[in-house]
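# Coordinate analysis (summary)
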Amino acid sequence: MKEKIGEVTLCLVPKKKPHKNGKFPLCLRIQWNNSNKYYSTHCEMDEKEWTKFQKAPDTDHPAMVTFRNYSEIIHRLIAASDFSFDNLKVITGKKNGGAIQELVEAYSEELRSQHKYSTGGLYRDLKTSLDEFFQKPYPTTRITGTICQNFLRWLSETKKNSSTTVAIKARNLNTILNKAVKTHLITSNPMSGIKKPTGERRDMTVSHSSLKKLIHADKKTLGDEYRWLCYWKAIYFGNGINVKDLLRLKPENVNVNSMEIIFVRSKTSESNKRKIHIPLIPELEQALEPLSGGKTYLLPDLDEYVPDSEEEYKRIHQTVKNINHHLRKITELLGIPEKITTYTGRHCFATLLQQQNVPIEYISSAMGHSSIKTTQNYLDGYTNEQRKANARLLNI
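Everything in this summary refers to the structure shown in the same document. Quantities reported herein were computed from a predicted structural model and do not represent experimental measurements. (Residues numbered from 1 in each chain as written. Predicted model: local features only at pLDDT ≥ 70, side-chain atom pairs only at ≥ 80, totals over all residues. Heavy atoms only, no water.)

### Things to note about the overall build of the protein chain
The helix and strand inventory of the protein chain stands at 17 helices and seven strands. Buried positions account for 46% of the 396 residues belonging to the protein chain. For the protein chain, the proportion of contacts with a sequence separation of at least 24, taken over those separated by at least 6, is 54%. Of the accessible surface of the protein chain, which amounts to about 21,200 Å², a share of 48% is contributed by carbon and sulfur atoms. (Helix = DSSP H or I, 4+ residues; strand = E, 2+ residues; numbered from the N terminus. Buried < 20%, exposed > 50% of the residue type's maximum accessible area, 1.4 Å probe, protein only. Contact = heavy atoms within 4.5 Å. Areas by Shrake-Rupley, 256 points an atom, 1.4 Å probe, with all protein chains shown as cover.)

### A few points about the side chain of E260
Note that E260 resides in strand β6 (residues 260–263). Here the side chain of E260 touches H277 through a polar contact of 3.2 Å, side chain to side chain. (Polar contact = N/O pair within 3.5 Å; in protein donor to acceptor, adjacent residues only side chain to side chain.)

### Examining the environment of N36
By secondary structure assignment, the location of N36 is in strand β4 (residues 35–45). In sequence terms N36 and F85 are 49 residues apart; their C-alpha atoms lie 9.8 Å from each other.

### Remarks on unusual backbone geometry
Despite not being glycine, M259 has its phi angle at roughly 55 degrees, a positive value. For M259, the location among the structural elements is in the loop between β5 (254–255) and β6. Overall, M259 belongs to the partly exposed group, its relative accessible area being 30%.

### Let's talk about the sheet that holds strand β7 (residues 276–279)
Backbone hydrogen bonds are what pair the strands of a sheet, in a parallel or an antiparallel way. The three strands lie next to each other as β5-β6-β7, forming an open sheet whose pairing is antiparallel. Looking at which strands have only one partner, the edges of the open sheet turn out to be β5 and β7. Here two bridges tie β5 to β6, and the two strands are oriented antiparallel to one another. Following the sheet pairing, V254 is matched in β6 by I261. (Pairing = 2+ DSSP bridges.)

Here is the structure:
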C-alpha cells in the first residue's frame, strides 16, 4: 500500500478517530520535505475491513483509484522539478475552491512542461474564454450541463468563433471535466449528456490544372517566391510530411543506399516509434535543394534552436505562417483560385494517389488522423520499390 517517489510516500491509512458508524475515513498521506499532508479519498472502512483490504487491495476500489490518480500527478510534477503542495492543490482542484479556470491553467502548464506547446496553448485559449465568460473564478462543482451549453452558445453567437474553434474548446473543456471526475472533485461530467459540436471540414479540393501549375512552376516564373513554393513541393512530394517533421530532418535521415528519407514523426508516442519511408525521387530532391544548407538539420530553419524548447515551437509556428503568407502571393502570380496552404500539400498528396487507385492504407496518414498507429503499420508493409512506384505517380 506504499509507493515511494523520491521524498514522497503515498499511504492509504485510516485516521485515529472513527465516525459514529464505527468506520474510519481513508486518506492519502503525502510526505515531502519532512511535511505531511492528508487528502481525503471520500471512502471509509472499519478496522476489520481495513485489515482485509491491506492484505488484498481491490484495485477498482474508489480509494485505490484516487491513490493512483494522485500518484500519477505527483510523478509528473517531480519529473518536471515542479512539485509543491500548492501545485498539487491546483492540479487536483483543491485550490481556490477548485475553480474551472485553475484546472485548465494547471493542465496547460502540465502540457507545456511536456513540450506540448501547441496543445498547451489551446488550453490557455480556453482559460481566457472561461475568464471572460464567468468574469471571476468559477467553482467546478457548480458547473452544470446548462452552463456548458450556454458557454458554447456564447462562443459561437457572441464571440463569433468558428465552428471548428467552438468544437476544439468544447472537446478541451470536456477533457478538463473528465479529469475533475477522476480526482473526485465532481461526481460526473456535466457535458456527458451534451451533443458535442463538430467543426466544419475545410475544403481542400484543388483542381487538376491548379495542381499542375504548382508542380511545374519554376524560379523563372516566380522569382524570389520560388523558394517558398519549394516548402510546399517538399510536403507534397514528401509523403505529405508536415512542416515540423520537414524542418527536423537531419542528414542521417537520408539513406543513400535505398534513396529514401527515413524518420519517425515528431507526434508519435514513445510506445509507437515506427519509421516512415519517403522515396527520394528527383522531384523531392529538386524541392529540397533551394531549402538546404543547415548545420544540424537538412534545412537551416531550426539550427539555432534547442529541440523541444518553446522557442523552437514558436519558430516552427512562425515558419508555417510565413510559408502560407507567401503561398497566397504565389497563387496570385499563377492565377490559382483555390486557397493553398501547407496542409493543402498533405491533402493533395493523399487525394491524388487515391484517385490513382493507390491503396488507401498506404496514403491514409496524410489525411490528418488523430492516431497514426494503424497507418504506420500499413506503411511498414510496403517495399521500397512499391513506395517508389507510388511516389512516381505524383508527377502529373
